[in-house]
Amino acid sequence: MPTPERTDIAVIGAGPVGLFAVFEAGMLKMRCHVIDALDAAGGQCTALYPEKPIYDIPGHPAISAADLIDNLAEQAAPFSPVYHLGQRVDTLKPIDGGFRIETSAGLTLDAKAVFIAGGCGAFGPNRPPLSGIEAYEGKSVFYFVKRKEELRGKRVVIAGGGDSAVDWAIALAGVAAQVSVIHRRDKFRAAPESAARLQELAKAGQIELVVPYQLDGLEGQDGQLSDVVVKDLDGKTRHLPADVLLPFFGLAMNLGPIAQWGLNLERNHIAVDPATCQTSVPGIFAIGDIANYPGKLKLILSGFAEAALAAHATYPLVHPGEALHFEYSTTKGVPGA
Ligand SMILES: Cc1cc2nc3c(=O)[nH]c(=O)nc-3n(C[C@H](O)[C@H](O)[C@H](O)COP(=O)(O)OP(=O)(O)OC[C@H]3O[C@@H](n4cnc5c(N)ncnc54)[C@H](O)[C@@H]3O)c2cc1C
């Protein structure tokens with residue numbers, strides 16, 4: 001076995017809450033390693049909606065999800081977190097004086113405490129059951145849009161009837177050469193204002209609504225789509241010429257390996273003590289979307305507060321015997337900055 005790396009806190013998940021936990025831990029003289037299955041930090045913000053403005057981050061009337069993540073990474077930087085991206089944490093076991101985690105990339109890390117900031121787990125898109133779709137994925141079928149500019153001038157087909165489908169159709173109208181939205185009903189499940197805007201753009205000829213239809217097949221070569229085939233309720237098919245297909249059928253929520261770590265779970269979430277965010281295993285904390293307690297709100301701002309609670313509760317594990325004097329950041333500044 002390779003020599004384990006060592007740290008005070010292993011943070012599992014580099015979403016907004018995991019990143020802020022690095023700051024909160026750093027302010028209390030605790031170092032972190034951060035592991036994420038995705039190749040980039042930012043969790044849902046980076047993977048699902050980087051260009052969308054968020055309106056409920058305190059102190060920011062509006063901030064794009066990508067800018068929020070950049071700011072959080074900058075705020076954490078003085079504490080020199082070590083990032084291990086593109087690797088999933090598979091095992092978490094107690095050892096003398098803490099915990100050992102092992103990742104899919106062969107990393108072994110020993111930590112005095114663990115923060116699980118795993119969001120909705122190792123999340124992935126719900127894939128439409130179309131034969132041969134794998135060959136197109138990442139080339140002309142995408143489950144997330146990173147930058148809408150990448151779709152400028154392209155013929156885009158969007159499938160789905162929820163917020164993501166409707167929001168992206170609106171965002172791409174006027175950017176893409178053509179936007180078609182396939183949905184199996186003529187009613188969309190999106191926010192009422194967005195659904196109304198979609199209908200306006202459809203009336204103005206900027207979006208084509210292909211309803212009630214569902215996906216039936218893909219045509220193209222070497223991963224490049226030429227047509228998306230759709231079918232109506234009577235089985236009648238239509239070919240939609242397309243460069244890109246964006247299927248938005250929601251996220252599969254799967255705790256993945258986290259479910260095997262012996263923690264008390266409540267419907268795919270980790271039950272925590274709301275005063276400390278400690279799980280049923282002392283020394284393991286859960287924060288952000290994955291944590292559950294009565295009254296939990298799945299919001300980034302709740303996750304930030306949970307990170308502060310967990311960091312304070314962890315202090316005695318990392319600095320045994322040292323009294324923790326509560327101090328404002330305005331009093332102590334940012335050590336190391
Ligand atoms: C379209 C959309 C719009 C939203 N708008 C808002 C909004 O306006 N305001 C708001 O407050 N919230 C909003 N949210 C919700 C917000 O994004 C989440 O509350 C937030 O991302 C939760 O942060 P997190 O750090 O807890 O988890 P996540 O952002 O989900 O990050 C968790 C990370 O953990 C990683 N992970 C999981 N398991 C493992 C493992 N075993 N090994 C390694 N890595 C692992 C995942 O890869 C992921 O990167 C929105 C969400 C969506 C989808």
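To be clear, the structure that these remarks concern was listed above.
To start, this report covers the structure provided alongside it. Keep in mind that this is a model prediction, so the values were computed, not measured. (Residues numbered from 1 in each chain as written. Predicted model: local features only at pLDDT ≥ 70, side-chain atom pairs only at ≥ 80, totals over all residues. Heavy atoms only, no water.)

F115 and I287 are the most contacted members of the largest nonpolar core, which has 37 residues in total. Of all the elements in the fold, those that place two or more residues in this core are β1 (5-12), α1 (16-27), β2 (32-36), α3 (65-76) and α6 (300-318). When residues in this core are grouped by element, the largest group, eight residues, is from α1. When sequence neighbours within four positions are dropped, the list of residues in contact with F115 reads I9, A10, V11, I12, A21, F285, I287, A310, A311 and T314. Residues I35, I270, A286 and A291 belong to the second largest nonpolar core, which totals 23 residues. (Core = buried A, V, L, I, M, F, W, Y, C linked by side-chain atoms within 4.5 Å. Buried < 20%, exposed > 50% of the residue type's maximum accessible area, 1.4 Å probe, protein only. Helix = DSSP H or I, 4+ residues; strand = E, 2+ residues; numbered from the N terminus. Contact = heavy atoms within 4.5 Å.)

Our next topic: the site of the ligand. The environment of the ligand is made up of 32 residues, and the closest members are D36, Q44, Y49, V89 and D289. Note that an oxygen atom of the ligand is positioned 2.7 Å from one of the side-chain N or O atoms of D36. With respect to the ligand, the side chain of Y49 contributes an N or O atom lying 2.5 Å from an oxygen atom. Of all the elements in the fold, those that place two or more residues in the shell around the ligand are α1, β2 and α2 (43-48). Classifying every residue of the shell around the ligand gives 17 nonpolar, ten polar and five charged. (Near = heavy atom within 4 Å. Polar contact = N/O pair within 3.5 Å; in protein donor to acceptor, adjacent residues only side chain to side chain. Nonpolar A, V, L, I, M, F, W, Y, C, P; charged D, E, K, R; others polar.)

Here Q87 is to be found in the loop between β5 (82-85) and β6 (89-95). Engagement of the side chain of Q87 in a polar contact is seen with the side chain of T103, the distance being 2.6 Å. Sequence-distant contacts of Q87, that is, excluding residues within four places in its chain, are made with I35, D36, A37, T103, S104, A105 and L107.

It is at 10 Å that the axes of helix α4 (residues 163-172) and helix α5 (residues 192-203) come closest, and there the two elements cross at 45°. For the element pair α4 / α5, the angle class is oblique. Relative to α5, α4 is oriented so that their crossing is left-handed. Contact residues: V166, D167, A169 and I170 in α4; S194, A195, R197, L198 and L201 in α5. (Axes fitted to C-alpha atoms, helices over the stretch in contact; angles between N-to-C directions. Parallel < 35°, antiparallel > 145°, perpendicular 65-115°, else oblique. Left-handed = near helix turned anticlockwise from the far one by under 90°.)

With antiparallel pairing, three strands are arranged side by side in an open sheet as β13-β14-β15. At either end of the open sheet lies a strand with only one pairing partner, and these are β13 (213-221) and β15 (237-241). This sheet shows a mean twist of 25° between the axes of neighbouring strands, independent of strand direction. Pairing of strand β14 (residues 224-232) with β15 involves five bridges; the strand directions are antiparallel. Looking across to β15, one finds that V230 is bridged to R238. (Pairing = 2+ DSSP bridges.)

Strand order across the open sheet formed by four strands is β12-β11-β10-β16, with parallel pairing between neighbours. In the strand order of this sheet, the two ends are held by β12 (208-210) and β16 (244-247), each with one partner. The average undirected angle you get between the axes of adjacent strands in this sheet is 20°. Summarising the sheet, strand β10 (residues 155-159) and strand β11 (residues 178-182) pair through five bridges and their orientation is parallel.

In short, geometric facts, not functional conclusions.
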